[in-house]
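Descriptive analysis of the structure
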Amino acid sequence: MSIKCRVRHASMLAFTICIALLGTSKAMLRAEGGDGGIIIPPAQYASLPSHDEIQDPDVTGSMPDARVLPGFASLVSQGTIALRDTAPTNCIPGDLREVVASVAEKFGPVSVESTHRNRGRNWRAGGARQSLHLSCRAIDFRVHARGRGVMAYLRSHPQVGGLKIYRNGIIHIDNGERRSW
């Protein structure tokens, strides 16, 4: 079986499990959130089985290792992390998504404003010529909390290289070299 067929088979299996566990329709599921997984709508999220139930083969059928979506994806589905349509997250490295998820858990709702940019959009946004947004290694976001506390928290994360808070309240993080400007 080719890799493409295996991926398609795995996606169908995951979809089938979601249908079986949640009784939800394909129209109610949406694939977004940056990690390529299936995102459960907020109304359905509360009906997810507990971790213990997920490990029970009687509940999951042949998928004893199935698990509830963690971190970034689940916070997007709950509405704690809001994504702009122009801010794809599927290309963002997992460590940066984890940092944003931890900010949302500690400081409250986060709005992801910018991630990957093409050269033209980067130029219009006033981005640097070698911006890590061009290679989808940067995230600009807002959080409604005191900037100093959030910045101190972000400085404590080794995954964060570039760190900047702009006058408009947008915070930039990337996984480049440790720096501030």
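Summary of the structure given here. (Residues numbered from 1 in each chain as written. Predicted model: local features only at pLDDT ≥ 70, side-chain atom pairs only at ≥ 80, totals over all residues. Heavy atoms only, no water.)

Okay, the overall build of the protein chain next. The number of helices and strands found in the protein chain is eight helices and five strands. Each helix and strand of the protein chain, ordered N terminal to C terminal, gives the series α-α-α-α-α-β-α-β-α-β-α-β-β. Expressed as a percentage of the 181 residues in the protein chain, the buried residues total 38%. Once local pairs closer than 6 in sequence are excluded, the contacts in the protein chain between residues at least 24 apart make up 52%. In the structure as shown, the protein chain presents an accessible area of about 10700 Å², 54% of it carried by carbon and sulfur atoms. (Helix = DSSP H or I, 4+ residues; strand = E, 2+ residues; numbered from the N terminus. Buried < 20%, exposed > 50% of the residue type's maximum accessible area, 1.4 Å probe, protein only. Contact = heavy atoms within 4.5 Å. Areas by Shrake-Rupley, 256 points an atom, 1.4 Å probe, with all protein chains shown as cover.)

Below, the discussion takes up the sheet that holds strand β4 (residues 163-165). The five strands lie next to each other as β1-β2-β3-β5-β4, forming an open sheet whose pairing is mixed. Looking at strand neighbours, the two that pair on one side only are β1 (81-83) and β4, the edges of this open sheet. Strand after strand, the sheet turns through a mean of 25° between neighbouring axes, direction not considered. Contacts between helix α6 (residues 94-107) and the sheet are confined to β1, β2 (110-114), β3 (138-143) and β5 (171-174), with β3 contributing the most and set at about 5° to the helix. (Pairing = 2+ DSSP bridges. Axes fitted to C-alpha atoms, helices over the stretch in contact; angles between N-to-C directions.)

Attention shifts here to the pattern of salt bridges. In this structure the tally under the stated criterion is four salt bridges. Here R84 makes a salt bridge to E113, at a shortest N to O gap of 2.6 Å. Here the residue R84 occupies a position in the loop between β1 and α6, and E113 occupies one in strand β2, the gap between them amounting to 29 residues. What makes E113 buried here is its relative accessible area of 11%. Between R142 and E113 there is a salt bridge, with its nearest N and O atoms 3.9 Å apart. Of the two residues, R142 is situated in strand β3 and E113 in strand β2; the sequence distance between them amounts to 29 residues. (Salt bridge = Lys/Arg side-chain N within 4 Å of Asp/Glu carboxyl O.)

In terms of burial, β3 is largely enclosed, as five of its six residues are buried. Note: β2 against β3, four bridges, orientation antiparallel. Note that in β3 the partner of V112 across the bridge is F141. Summarising the sheet, β3 and β5 pair through four bridges and their orientation is antiparallel. In the sheet register, D140 faces β5, and the bridge partner there is H172.

Once that is clear, we can look at the nonpolar core. Of all hydrophobic cores here, the largest spans 26 residues; its most connected members are I81, V100, V110, F141, L154, I171 and I173. Counting residues per element, the ones that place at least two in this core are α5 (71-78), α6, β2, β3, α8 (147-155) and β5. Top contributing element to this core by residue count: α6, with six residues. (Core = buried A, V, L, I, M, F, W, Y, C linked by side-chain atoms within 4.5 Å.)

The set of residues buried in α8 consists of V150, M151, Y153 and L154. Buried residues along α8 cover an arc of 160° about the axis, so they all sit on one side. Check the buried side of α8 and you find it contacts α6, β3, β4 and β5. (Arc of directions from axis to C-beta.)

Let's shift gears to the packing of α5 against α6. Angle between the axes and distance between the axes: these two values describe a pair of packed helices. Running from amino to carboxyl end, α5 crosses α6 at an angle of 50°, the nearest separation of the two axes being 8 Å. Viewed along their axes, α5 and α6 adopt a mutual orientation that is oblique. Handedness of the α5/α6 crossing: left-handed. Residues G71, F72 and L75 of α5 pack against R97, V100, A101, A104 and E105 of α6. When its residues are assigned to classes, the contact of α5 with α6 shows five nonpolar, one polar and two charged. (Parallel < 35°, antiparallel > 145°, perpendicular 65-115°, else oblique. Left-handed = near helix turned anticlockwise from the far one by under 90°. Nonpolar A, V, L, I, M, F, W, Y, C, P; charged D, E, K, R; others polar.)

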